[in-house]
Amino acid sequence: MRISISERRKAPRFTEIFSFEYKALRGGGEQEWVKTETINVSEFGVCVACEEELFTDEVLRVRFSVEAVEINAFCDVIWCRKDEKTGVLSAGLEFEFIGEREIIAENESRNNL
């Protein structure tokens, strides 16, 4: 589900800081969960702080909670770079798949508005 740059830019970004875990789906072995925090989030993806470089087009399994709802998803790494001013390494992740349970909860939440 690749979104063009112009479509991504139309999605508002919200500066939301919350706990976020990811693990890379690389090689044959099971990777460890890496704990970090979000920098911002949008409808299509999330920007997270990271301790090590992530590679473009790498697939990550992610999990986080929003308003007490645990979200399990898969994301593609779109970019990873170090901010020259702060020295913080961050990565832009695009949601590839969010589980059925999360979609149902999101729809129910919207219907209750």
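Scroll up to find the structure this text is about.
Calculation criteria
- Residues numbered from 1 in each chain as written.
- Predicted model: local features only at pLDDT ≥ 70, side-chain atom pairs only at ≥ 80, totals over all residues.
- Heavy atoms only, no water.
- Pairing = 2+ DSSP bridges.
- Helix = DSSP H or I, 4+ residues; strand = E, 2+ residues; numbered from the N terminus.
- Phe/Tyr/Trp six-rings, centres within 6.5 Å; stacked < 30°, edge-to-face > 60°.
- Buried < 20%, exposed > 50% of the residue type's maximum accessible area, 1.4 Å probe, protein only.
- Lys NZ or Arg CZ within 6 Å of the ring centre and 35° of its normal.

Enquirer: Looking at this structure, how should I read the pairing of strand S2 (residues 34-41)?
Expert: The side chains of a regular strand alternate between both faces of the sheet. Sheet analysis places strand S1 (residues 19-24) next to S2, joined by 4 bridges and oriented antiparallel. Each residue of the ladder has a partner; that of Phe20, found in S2, is Thr36. The pairing of S2 with strand S3 (residues 45-49) spans 3 bridges and is antiparallel. Opposite Val41, over in S3, you have Val46 as the bridge partner. Here S2 folds back onto S3, and the loop between the two strands holds 3 residues.

Enquirer: What is the right way to read the packing of aromatic side chains from this model?
Expert: For any pair of aromatic rings, the description consists of the separation of the ring centres together with the inter-plane angle of the planes. With the rule as written, the count across this model stands at 3 aromatic pairs. Geometrically, the ring pair formed by Phe20 and Phe64 is stacked, given 5.3 Å between the ring centres and 25° between the ring planes. Here Phe20 is found in strand S1, whereas its partner Phe64 is found in strand S4 (residues 59-66), with 44 residues between them in sequence. Between Phe64 and Phe95 the ring centres are 6.3 Å apart and the planes differ by 25°, which places this aromatic pair in the stacked class. Of this pair, Phe64 sits in strand S4 while Phe95 sits in strand S6 (residues 89-98), and the two are 31 residues apart along the sequence. Each member of the pair, Phe64 together with Phe95, is buried. Taken together, the aromatic side chains of Phe18, Phe20, Phe64 and Phe95 make up a single cluster linked through ring pairs. Above the plane of the ring of Trp33 lies Arg63, whose end atom (NZ or CZ) is 3.8 Å from the centre. Over the face of the ring belonging to Trp79 we find Arg81, whose NZ or CZ atom lies 3.9 Å from the ring centre.

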